[in-house]
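Residue-level structure breakdown
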Amino acid sequence: MAAAAVENPVELTRLNSYVGFDSLPQQIESKLLKRGFAFNVIVVGQTGLGKSTLINTIFASHLIDTKGRFEPDEPIRQTTEIQAVSHVVQENNVRLRLNIVDTPGYGDLVNNENCWDPIVKYIKDQHSAYLRKELTAMRDKHIADTRIHACLYFIAPTGHTLKAIDIVVMKKLSEVVNVVPVIAKSDSLTLEEREVFKERIRAELAHNNIRVYPFDTEDHDDEERGLNSAIRSMMPFAVVGSERNVIVDGKPVRGRKNRWGVINVENEQHCDFNYLRNFLTRTHLQDLIETTALVHYEAFRSKQLLALKESSAAKAQQAHA
Ligand SMILES: Nc1nc2c(ncn2[C@@H]2O[C@H](COP(=O)(O)OP(=O)(O)OP(=O)(O)O)[C@@H](O)[C@H]2O)c(=O)[nH]1
Ligand SMILES: [Mg+2]
């Protein structure tokens, strides 16, 4: 055997020596870190449920600088057009561009038919822009991703059942995006009422066959499935938003102060805001991005390409005739 090795020293070096491809994960990681990540969320729901306020609260909980907490420049007003708010948030050496798309609330018109159309169109437009970039001959090495990774759907804290409009809109949305339902302004419900309401909403979603996020796909392992089912059992997250800081234990936190006390938005005893934030920007960030690409975008892409193929086949047939 030794003789053979001497005869072919090049072969031996290639097999035994240290090549260094075990550093591949670090190389990919450092490349990804340099580029940073983009995470796009949209908020949807009836008017006045606190969508704009919650966006502000999410940013405030991420953007704590030396001067204290991030404060809005202007008070929050009724939203009249679809608009994106964007900030770069950083944790250790990971930079995340968090884009949250605010939408005007609906539900205050007599006829709310098709009120979801502009929102569904906005989501599809992002898919279509991505597809166009992907299909150009000189496509960019890295395509900027504006596809919506999560849709926070705001449910009114009635404590009863979902409204007919919620069922229709969530059904439409769940066909194009990852829908994460939340109970808005949950400070108006007692803890017991929240639990009963949550359970009822889960039953109604199941009854109406609405597939909300997270759902299991064949790519998920047992651990991920376990985590998903734990999340599903506490959904929808009962949230509270606030655009003001209140002082709790000498520190400014986002909260709501009333005559009987203070609700600290980031206290898990008070509401599920922390769970929602961790779910979105920590535990399920990568999966939300992946599911968007592999499930929602893929469905859009194959439908579009199929339509394209059919229309060019029809044109070719016409030319022949
Ligand atoms: N009690 C309570 N009030 C809230 C909460 N979040 C927001 N509000 C208040 O509700 C009102 C409406 O909040 P917005 O954030 O403008 O609601 P919106 O859903 O963006 O409304 P549109 O833009 O019309 O769709 C404001 O007065 C907020 O201070 C909450 O969690 N609890
Ligand atoms: Mg608003």
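Reference entry: report on the structure contained in this document. The model shown is predicted, which means the values in this text are computed figures rather than measured ones.

1. Examining the site of ligand 1
Ligand 1 sits among 18 residues. The nearest are T47, K51, T53, T79 and D187. K185 places a polar side-chain atom, nitrogen or oxygen, 3.1 Å from an oxygen atom of ligand 1. Ranked by the residues each element gives to the shell around ligand 1, the list is headed by helix α4 (residues 51-62), at three residues. Of the residues contributing to the shell around ligand 1, the split by class is four nonpolar, nine polar and five charged.

2. Focus on the nonpolar core
The nonpolar side chains of a soluble globular protein tend to be buried with one another. The biggest cluster of nonpolar side chains holds 36 residues, and the ones touching the most others in it are F39, L152, F237 and L276. Breaking this core down by element, the ones donating at least two residues are β1 (37-45), α4, β5 (94-102), β6 (150-155), β7 (179-183), α9 (273-283) and α10 (285-320). If you look at the next biggest cluster of nonpolar residues, it comprises 30 residues, including V101, I148, C151 and I183.

3. Section: helix α6 (residues 164-174)
Within α6 the residues assigned to the buried category are I165, D166, I167, V169, M170, L173 and S174. On the buried face of α6, the contacting elements are β1, α5 (117-135), β6, β7, α7 (191-207) and α10.

4. Describing the packing of aromatic side chains
One pass over the full model with this rule turns up four aromatic pairs. Judged by centre distance (6.0 Å) and plane angle (75°), the ring pair of Y213 and F215 falls under edge-to-face. The pair formed by Y213 and F215 is uniform in burial state, with each residue classed as buried. On the basis of an interplanar angle of 50° and a centroid distance of 6.0 Å, the ring pair of Y213 and F279 is categorised as tilted. You can see Y213 sitting in the loop between α7 and α8 (222-234) and its partner F279 sitting in helix α9, a full 66 residues away along the chain. For the pair shown, Y213 and F279 are each scored as buried. Grouping aromatic residues by their ring pairs yields a cluster made of Y213, F215, F237 and F279. Over the face of the ring belonging to Y130 we find R147, whose NZ or CZ atom lies 3.6 Å from the ring centre. Above the ring of F215, the side-chain terminus of R211 is found at 3.9 Å from the ring centroid.

Criteria and thresholds
Residues numbered from 1 in each chain as written. Chains lettered and ligands numbered in written order. Predicted model: local features only at pLDDT ≥ 70, side-chain atom pairs only at ≥ 80, totals over all residues. Heavy atoms only, no water. Near = heavy atom within 4 Å. Polar contact = N/O pair within 3.5 Å; in protein donor to acceptor, adjacent residues only side chain to side chain. Helix = DSSP H or I, 4+ residues; strand = E, 2+ residues; numbered from the N terminus. Nonpolar A, V, L, I, M, F, W, Y, C, P; charged D, E, K, R; others polar. Core = buried A, V, L, I, M, F, W, Y, C linked by side-chain atoms within 4.5 Å. Buried < 20%, exposed > 50% of the residue type's maximum accessible area, 1.4 Å probe, protein only. Contact = heavy atoms within 4.5 Å. Phe/Tyr/Trp six-rings, centres within 6.5 Å; stacked < 30°, edge-to-face > 60°. Lys NZ or Arg CZ within 6 Å of the ring centre and 35° of its normal.

So yeah, pure geometry; function would need other evidence.
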